[in-house]
Amino acid sequence: EMMKELAGLNEMEMKIQKRFQLQQVVVVPGNSDESSWVKKELGRACSSSIKKHLVGKNIIAVTGGTTMAAVAEMLTPEISQKSENLFVPARGGIGNDVENQANTICAKMADQTNSQHRVFHIPDQVSQQGYKAFINEPSIREVLQLISSANIVIHGIGEAMAMAKRRNTSQSECDKLIQNKAVAEAFGYYFNENGEVVHKLSTIGFQLEDLMKTKDVFAVAGGFSKGKAIQAYLKRAPNSTILITDEAAAKGILKEI
Ligand code: BG6
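Attention here is on the structure that accompanies the text. No experiment lies behind these values; they were computed from the predicted model shown.

In this section: the pattern of salt bridges. Evaluated as defined, the whole model comprises 11 salt bridges. Here Glu 41 ties to Arg 44 by a salt bridge, and the two come within 3.2 Å at their closest N and O atoms. In this pair, Glu 41 and Arg 44 are both assigned in helix 3 (residues 36–53), 3 residues apart and thus about one turn of the helix distant. Its relative accessible area of 45% is what places Arg 44 among the partly exposed residues. The salt bridge partner of Asp 216 is Lys 215, with a shortest N-O separation of 3.2 Å. Look at Lys 215 and you get exposed, because its relative accessible area is 56%.

Printed below as a string of structure tokens:
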């Protein structure tokens, strides 16, 4: 705590919380672009914050990504001492990167905390036809039902173009993102610098409407490179958001545009 005060981190936390009207903000020292231990610290900070929010029965929806993987690493069985938790993937998978998929992260979170989890056996992006077929599958319906009744969500935030690249987005769709000045991405939605949705993947699973009615939303993202993306996303984020970020991103978040 003393270190945090010296670095002015508490002040940054307060400023961000006020400016974007968030439930809570935690800023850890450093820049996770540069050192992997800072990403671990984001995971640790998220883990200890979650612990304080878990009572009774919870359905926790989680997204994928390397930051979420760091959160999973840091969760401990202590979390489920006073609560009964079910982890569900917020969405399908992204490409072939199995390690950082929501399904994998979910299983890991359940494992680390002696909790239950569900698997979502569908691709992240589906065609209209596929969509109709999928949502009539009983096993998929069950998971979808759980996802939309989640009382807690843990998600990452990415830079728009970095996420488009990771998703092997077509050139024409990339052009559309550039044209619409997309800067941020979260759970399949792309946002411009004013926090307006400029593009959305046709995905099954967690939707922006679901986020608005979720009791506690943990948004975990850090690194100098993400400052602008996080700032844009926060303009749209619900007041239930608990932001876990790092010092380098926090500076970007507080920059005037
Ligand atoms: C995922 C989200 O959790 O994290 C994406 O679904 C987000 O929307 C991504 O962009 C960020 O990934 P990373 O690897 O930078 O943590």
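To continue, consider the sheet that holds strand 4 (residues 116–117). Ordered by their spatial adjacency, 7 strands build an open sheet running 1-11-10-5-2-3-4, and the pairing between neighbours is parallel. Looking along the sheet, the strands with just one partner apiece sit at the ends: strand 1 (24–28) and strand 4. Pairing analysis gives 4 bridges linking strand 10 (residues 216–220) to strand 11 (residues 241–246), with the strands arranged parallel. Residue pairing in the sheet places Ala 219 in a bridge with Leu 243 of strand 11.

Looking now at the side chain of Ser 115. Along the chain, Ser 115 turns up in the loop between helix 5 (102–112) and strand 4. A polar contact is formed between the side chain of Ser 115 and the side chain of Thr 113, at a distance of 2.7 Å. Discounting residues that sit within four places of it in the chain, Ser 115 has contacts with Ser 80, Asn 85, Phe 87 and Ala 110.

So, how was this worked out
Residues numbered from 1 in each chain as written. Predicted model: local features only at pLDDT ≥ 70, side-chain atom pairs only at ≥ 80, totals over all residues. Heavy atoms only, no water. Salt bridge = Lys/Arg side-chain N within 4 Å of Asp/Glu carboxyl O. Helix = DSSP H or I, 4+ residues; strand = E, 2+ residues; numbered from the N terminus. Buried < 20%, exposed > 50% of the residue type's maximum accessible area, 1.4 Å probe, protein only. Pairing = 2+ DSSP bridges. Polar contact = N/O pair within 3.5 Å; in protein donor to acceptor, adjacent residues only side chain to side chain. Contact = heavy atoms within 4.5 Å.

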